[in-house]
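Structural characterization, general
The primary structure of each chain is shown beneath.
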Amino acid sequence: MPLKETQKLNPITASPAQVLTVNVDKRVACPNDVVTISGSLTENGTPVPNEEIALDLGGLLIGSTYTDASGNYSFSWTVPYSMFGQTLPCYDWDVTARSLRASATTKLAIAYRTQITLNSPPEVTVNQPFTVDGTLTYEYSPGTWLPLSGRNVKILLDSTLQATATTDANGKYSATITITSLGTYTLTALFEGEGLPTGTTAAWTRAPIKAAGLREIMAI
């Protein structure tokens, strides 16, 4: 049986592995905040200078920069109120850095600044219902605050949840609660926000309140 001619294989040279890192100097940022995005690029452990690094937020390009002689890069980005004509959603975004052959991703939560007010009586009668109310707003553009509707506001007495109220079209909320024991307490109106990391709160305000007996209030 005749032998087949051995086929020659062309050698393949693998490209050196690149390792790219990315960091942000804030975990949570608001519009008009400046966020510094930085990192480094190496190739088989050696710094890679003068390579372009593209940066995107959720797949939307926000800028680019170049590595320095030590393979490091840094980029300052001012968070906009809108991108490409659309209001920027409150969200825990992916920030991705890309070089020619590597990419890396970190997290950046973006949220609009919010304000909340709380109106409550300074003194109430034990076991008698009373009403607290207030308004929730957010900064739509520099210096312009608008009502934030359809959001839940929690009412706490010291650290105990008493009620949850939903804001109306004007950002107003209202809740009726009762204090069952004599004493001085702290009322808190709390808006936890949207798209924020665990443990981060968007807005809150506090007010002292005293719960007294009926006789004590009549004597004042």
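Residues numbered from 1 in each chain as written. Predicted model: local features only at pLDDT ≥ 70, side-chain atom pairs only at ≥ 80, totals over all residues. Heavy atoms only, no water.

Here we look at the overall build of the chain
For the chain, the count of helices and strands is 1 helix and 21 strands. Among the 220 residues that make up the chain, the fraction classed as buried is 38%. For the chain, long-range pairs separated by at least 24 residues make up 56% of all intrachain contacts whose partners lie at least 6 apart in sequence. In the structure as shown, the chain presents an accessible area of about 12900 Å², 51% of it carried by carbon and sulfur atoms. (Helix = DSSP H or I, 4+ residues; strand = E, 2+ residues; numbered from the N terminus. Buried < 20%, exposed > 50% of the residue type's maximum accessible area, 1.4 Å probe, protein only. Contact = heavy atoms within 4.5 Å. Areas by Shrake-Rupley, 256 points an atom, 1.4 Å probe, with all protein chains shown as cover.)

Describing the side chain of Thr-188
Along the polypeptide, Thr-188 turns up in strand β20 (residues 183–191). In this structure the side chain of Thr-188 is engaged in a polar contact, spanning 3.4 Å, whose partner is the side chain of Arg-206. What Thr-188 contacts, discounting residues up to four positions off in sequence, is Leu-118, Lys-154, Ile-155, Leu-156, Asp-158, Trp-204, Thr-205 and Arg-206. (Polar contact = N/O pair within 3.5 Å; in protein donor to acceptor, adjacent residues only side chain to side chain.)

Details of the packing of aromatic side chains
In the structure shown here, the tally under the stated rule is 4 aromatic pairs. Considering the side-chain rings of Tyr-81 and Tyr-112, the 6.3 Å spacing of their centres and the 45° angle between planes classify their relative orientation as tilted. Separated by 31 residues along the polypeptide, Tyr-81 in the loop between β8 (72–78) and β9 (82–83) and Tyr-112 in the loop between β12 (103–110) and β13 (114–116) bring together distant segments of the chain. Residues Tyr-81 and Tyr-112 agree in their burial class; the two are buried. Among the aromatic residues, those joined into a cluster by ring pairs are Tyr-81, Tyr-112, Tyr-138 and Tyr-140. (Phe/Tyr/Trp six-rings, centres within 6.5 Å; stacked < 30°, edge-to-face > 60°.)

With respect to the side chain of Thr-167
For Thr-167, the position within the fold is in the loop between β18 (160–166) and β19 (172–177). A polar contact of 2.8 Å, which involves the side chain of Thr-167, links it to the backbone oxygen of Leu-148.

Concerning the state of the cysteines
Here the structure, examined in full by the defined rule, presents 0 disulfides. A disulfide-free cysteine, Cys-30 has its sulfur positioned 8.4 Å from the sulfur of Cys-90, the nearest such atom. Here Cys-90 falls in the partly exposed class, since its relative accessible area comes to 26%. (Disulfide = S-S within 2.5 Å.)

As for the nonpolar core
Leu-57, Trp-77, Ile-155 and Leu-187 are the most contacted members of the largest nonpolar core, which totals 52 residues. Among residues more than four places away in sequence, those in contact with Trp-77 are Asp-33, Val-34, Val-35, Leu-57, Ile-62, Met-83, Leu-108 and Ile-110. (Core = buried A, V, L, I, M, F, W, Y, C linked by side-chain atoms within 4.5 Å.)

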